[in-house]
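# Results of the structural survey
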Amino acid sequence: MRQRNWRLIAVGTVLLVLAVLFFLSMRDMTSWSNDPVALMRTVGEVSGGVGGISLVMIAFGLIGRKAPV
């Protein structure tokens with residue numbers, strides 16, 4: 001039997017929420033930017049990277065580790 005790592009799941013979930021909130025909050029800043037396309041491209045890369053890392057953390061947390069015998 002495997003034990004889930006709840007700390008890893010919690011940190012991954014928080015990072016995923018922060019990535020989504022960062023993307024949505026920066027979307028409102030495009031009206032003030034000189035180059036909104038480049039801004040959103042950069043924001044999308046950063047949000048996607050953090051979101052991907054958080055999904056991997058959640059997956060590893062759900063897989064867990066072997067329970068001590």
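Residues numbered from 1 in each chain as written. Predicted model: local features only at pLDDT ≥ 70, side-chain atom pairs only at ≥ 80, totals over all residues. Heavy atoms only, no water.

### Focus on the overall build of the chain
Broken down by element type, the chain carries two helices and two strands. Beginning at the N terminus, the succession of helices and strands in the chain can be written as β-α-α-β. Relative to the 2.2 N^0.38 estimate, which gives 11 Å for 69 residues, the radius of gyration of the chain is 17 Å and therefore markedly larger than a compact globule would have. The dimensions of the chain, computed from C-alpha atoms along their principal axes, are 60 × 15 × 10 Å. Counting the 69 residues in the chain, one finds 17% classified as buried. Contacts in the chain between residues far apart in sequence, at least 24 positions, make up 75% of those at least 6 positions apart. (Helix = DSSP H or I, 4+ residues; strand = E, 2+ residues; numbered from the N terminus. Rg over C-alpha atoms; globule rule 2.2 N^0.38 Å. Buried < 20%, exposed > 50% of the residue type's maximum accessible area, 1.4 Å probe, protein only. Contact = heavy atoms within 4.5 Å.)

### Side note on the packing of helix H1 (residues 6-27) against helix H2 (residues 36-63)
Where H1 meets H2, the closest approach of the two axes is 8 Å, and the angle between their N-to-C directions is 165 degrees. Here H1 is positioned roughly antiparallel relative to H2, judged by the angle of their axes. Crossing of H1 against H2: the hand is left-handed. (Axes fitted to C-alpha atoms, helices over the stretch in contact; angles between N-to-C directions. Parallel < 35°, antiparallel > 145°, perpendicular 65-115°, else oblique. Left-handed = near helix turned anticlockwise from the far one by under 90°.)

### A short note on a nonpolar patch on the surface
Together, Val 14, Val 17, Leu 18 and Leu 21 make up a nonpolar patch on the protein surface, roughly 360 Å² of accessible area in all. Tracing the backbone shows Val 17 in helix H1. (Patch = residues over 30% accessible without salt bridge, like charges linked within 9 Å, V, L, I, M, F, W, Y side chains within 5 Å. Areas by Shrake-Rupley, 256 points an atom, 1.4 Å probe, with all protein chains shown as cover. Salt bridge = Lys/Arg side-chain N within 4 Å of Asp/Glu carboxyl O.)

### Comments concerning H1
With 22 residues, H1 ought to run about 32 Å at 1.5 Å a step, and its terminal C-alpha atoms sit 32 Å apart, in line with that. Every buried residue belonging to H1 is among Ile 9, Gly 12, Ala 19 and Met 26, and all of these are buried. The buried side chains of H1 occupy one side of the element, clustering within an arc of 140 degrees when seen end-on. Exposed residues lying more than 90 degrees from the buried face of H1 are Trp 6, Arg 7 and Leu 21. (Expected span 1.5 Å × (residues − 1). Arc of directions from axis to C-beta.)

### Considerations on the side chain of Ser 47
Locating Ser 47 in the fold gives a position in helix H2. Look past the residues within four positions of Ser 47 in its chain and what remains in contact with it is Ala 19, Phe 22 and Phe 23.

### Some words on the confidence of the model for the chain
Per-chain confidence: the chain averages 93 in pLDDT, with 100% of residues scoring 70 or above. By mean pLDDT, strand S2 (residues 65-66) is the weakest element of the chain at 86, and H1 is the strongest at 96. (pLDDT = per-residue confidence, 0-100.)

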